[in-house]
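Structure at a glance
Spelled out from the first residue to the last, the chains are:
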Amino acid sequence: MADNRPIGVFDSGLGGLTVMKELIKLLPNEDIVYFGDTGRVPYGTRSSATIEKYALQDQKLLLKHDVKLIVAACGTVSSVAKNAARQSTVPYFGVVEHAARQAAKVTKNQKIGVIGTAATIKSGAHEDHIKEILPNATVIAQCCSLFVPLVEEGWVSKDNLAVYDTAKRYLEPIKQAGVDTLILGCTHYPLLKDVIASIMGEDVTLINMGEATALAVAEYIKSNSLSTAKQTADYRFMVTDKTASFTKTASMLMGQNVESENIELVDIDKL
Ligand code: DGL
C-alpha cells in the first residue's frame, strides 16, 4: 500500500530547512509541507509553556494539511514540548533522540558536547538520552544564544569576524574539555558548520540532528508501508512572516530558486 500524503516538517524559522534537506536526500519522491514560524522566532529564549503552546499550534497547522507524519525539526520543541509529541494524531518525530543515539554510537572517549538554545540546554534532553545508552558518559552542554539570530540574519561565513569570535567564545571551553563528538543541538546550527568545524578541529565528529532524524524517518516510512507512489515530489513552504533570509536559505538548501511568491503566509492565530 502506498501513502501519497505529504510529510509535515516544522520549526521556529528557517533552521528546520536543514532537516528537510536531509529528508529529501533519503526520500526524494515524498511530498513535504514545511512550516517555519518566522514571525515568532526565536523559540529558544521563551518559557516552556510558550514553546509548548507554539508547538501545538504548529502541529495543528500541519495536521490541517493532511500530513502522514510530523517532524518537529526544532531542537527546542523536541526538547521541551512533550505535549505536542503526545497529542499528535500521526507519527511524530523529534530531532533530539536520534541525534543523541548517533552521538553515543560514534564517541570513543565518551566525552560528548551539546550546543543548543537556552531552552534546549536547560532541558537536559540530549544528556538524558545519551545517558540512557552510555550512563558513564561526560556531557558538556553549552547554550549558544547568539547563533540563531546570526543565522536568521544570514551571517554564517567563518570569514565573518563577528561570527568567528562568537563561535570561538562558545566552543573553546567544549574543545578544551576534550570532547570527540559534538551534537549541533539546534537545527539552525548546520548552517554554521564551517565555522564550528574549523574551531573544533577535524578530530571532533559533528552530529547533524537532521541527518540522524531523516534516517529514522526513512526507516519508519519503509517499514510501515507509508512510502509514496509518486515519482516526483512537491514542496510547499508556509511561514508566519516573509523574510529575505528564509527565501535565501530555502533556495540555497533546496538547490533551486524558491520564489517569495511561492511561500505562503499563514495566520497561525486563525486556525
Ligand atoms: N531551530 C530551532 C532549534 O532547533 C531554533 C530555536 C529558536 O527558535 O530559538 O532549536
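Please refer to the structure placed before this passage.
Throughout what follows, the structure given in this document is the object of discussion. Keep in mind that what you see is a predicted model, and the values were worked out from it rather than measured.

1. Comments concerning the nonpolar core
Among the nonpolar cores identified, the biggest contains 66 residues, and V71, I115, F147 and I196 are the most heavily contacted of them. Ranked by residue count, the leading element in this core is helix α11 (residues 209–223), at six residues. Listed in part, the 23 residues of the second largest apolar core include V33, I70, V77 and M238.

2. Details of the pairing of strand β8 (residues 205–208)
Bridge analysis of strand β7 (residues 181–184) against β8 gives four bridges, and the strand direction is parallel. If you follow L184 over to β8, its bridge partner there is N208. For the crossover from β7 across helix α10 (residues 193–200) to β8, the handedness is right-handed.

3. A closer look at the site of the ligand
Within the structure, the ligand sits among 14 residues, and S12, Y43, G44, G75 and T76 are positioned closest to it. In this structure, Y43 approaches the ligand through a main-chain N or O atom, which is 2.7 Å from an oxygen atom. T187 places a polar side-chain atom, nitrogen or oxygen, 2.8 Å from a nitrogen atom of the ligand. In the complex, the protein chains occlude 99% of the 300 Å² of accessible area that the ligand would expose alone. Taken together, the residues that form the shell around the ligand break down as six nonpolar, seven polar and one charged.

4. Brief notes about the sheet that holds strand β5 (residues 111–116)
Judged by pairing direction, the sheet is parallel, and its four strands sit side by side in the order β6-β5-β7-β8 without closing on themselves. Both outer strands of the open sheet, β6 (138–143) and β8, are each paired with one neighbouring strand and no more. This sheet shows a mean twist of 20 degrees between the axes of neighbouring strands, independent of strand direction. Inspection of the sheet shows β5 paired to β6 by six bridges, in the parallel sense. Bridging across to β6, I112 finds its partner in V139. Sheet strands in contact with helix α9 (residues 161–176) are β5, β6 and β7, and its direction is about 170 degrees off that of β6. In the packing of α11 onto the sheet, contacts are made with β7 and β8, and the angle to β8 comes to roughly 55 degrees.

5. Description of the packing of aromatic side chains
To describe a pair of aromatic rings, one takes the distance between the centres and the angle between the planes. Counted according to the given criterion, the structure contains seven aromatic pairs. Relative to F246, the ring of Y34 has its centre 5.9 Å away and its plane inclined at 40 degrees; by these criteria the two rings are tilted. Residue Y34 is found in strand β2 (residues 32–36), and its partner F246 is found in helix α12 (residues 244–254); the two are separated by 212 residues along the sequence. Take Y34 and F246: they sit in the same class, and that class is buried. Relative to F246, the ring of F237 lies with its centre 6.3 Å away and its plane at 75 degrees, an arrangement referred to as edge-to-face. Exposure class is identical for F237 and F246. Each is buried. The structure contains a cluster of three or more aromatic residues connected by ring pairs, namely Y34, F237 and F246. Positioned over the ring face of Y54 is R40, at 3.7 Å from the centre of the ring.

6. Regarding the side chain of T240
Within the secondary structure layout, T240 lies in the loop between β9 (235–239) and α12. Its relative accessible area of 19% is what places T240 among the buried residues. At 3.2 Å, the side chain of T240 and the backbone nitrogen of T38 are in polar contact. Here G39 takes part through its backbone nitrogen, which lies 2.8 Å from a polar atom of the side chain of T240. Ignoring any residue separated from it by four or fewer positions in sequence, one finds T240 in contact with F35, G36, D37, T38, G39, R40, L265, V266 and I268.

7. Here we look at the pattern of salt bridges
It is possible for side chains bearing opposite charge to pair when their charged atoms get close. What the rule picks out here adds up to 13 salt bridges. Where E30 meets K68, a salt bridge forms, and the shortest distance between an N and an O atom there is 2.6 Å. Placement of the pair is E30 in the loop between α1 (17–26) and β2 and K68 in the loop between α2 (48–64) and β3 (69–72), with a sequence separation of 38 residues. Each member of the pair, E30 as well as K68, is classed as buried. One continuous salt-bridge network, built from bridges that share partners, spans D3, R5 and D66.

Here is what the cut-offs are and how they apply
- Per chain, residues are indexed from 1 in the order of the written sequence.
- Since the coordinates come from a predicted model, pLDDT governs what is reported: local features require at least 70, and pairs of side-chain atoms require 80 or more to be given and counted, while whole-chain, interface and lining totals use all residues.
- Derived side-chain values reflect all non-hydrogen atoms in the structure, with water molecules and hydrogen atoms excluded from consideration.
- Throughout, nonpolar core names a set of buried Ala, Val, Leu, Ile, Met, Phe, Trp, Tyr and Cys residues whose side chains join them through atoms within 4.5 Å.
- Whether a residue is buried, partly exposed or exposed follows from its accessible area with a 1.4 Å probe, protein chains only, as a fraction of its type maximum: under 20%, in between, or over 50%, in that order.
- Working definition: helices are DSSP H or I runs of at least four residues, strands are E runs of at least two. Numbering for both runs from the N terminus.
- Should DSSP find at least two bridges between two strands, the strands are regarded as paired.
- If the strands point away from the viewer and the path from the first strand over the helix to the second runs clockwise, then the crossover is right-handed.
- By convention in this text, a residue qualifies as near a molecule or strand provided that one of its non-hydrogen atoms is within 4 Å of it.
- Counting of polar contacts relies on pairs of N or O atoms within 3.5 Å, with two restrictions inside protein: one atom must be capable of donating a hydrogen and the other of accepting it, and residues adjacent in sequence are counted only when both atoms are side-chain atoms.
- Areas reported as accessible are Shrake-Rupley estimates using a 1.4 Å probe. Residue values count occlusion only from the protein chains shown.
- Each residue is assigned to one of three groups, with Ala, Val, Leu, Ile, Met, Phe, Trp, Tyr, Cys and Pro labelled nonpolar, Asp, Glu, Lys and Arg labelled charged, and all others, Gly among them, labelled polar.
- Between N-to-C directions, angles span 0 to 180 degrees; the directions come from axes that are lines fitted to C-alpha atoms, helices contributing only their stretch in contact.
- Note on contacts: a residue pair is in contact if any heavy atoms of the two residues lie within 4.5 Å.
- The pairing test for Phe, Tyr and Trp rings, Trp by its six-membered ring, is centres within 6.5 Å, and the orientation test on the planes gives stacked under 30 degrees, edge-to-face over 60, and tilted for anything in between.
- Ring-over charges, as used throughout, are those where CZ of Arg or NZ of Lys falls within 6 Å of the ring centre and within 35 degrees of the ring normal.
- The working definition used for a salt bridge is a side-chain nitrogen of Lys or Arg within 4 Å of a carboxyl oxygen of Asp or Glu.

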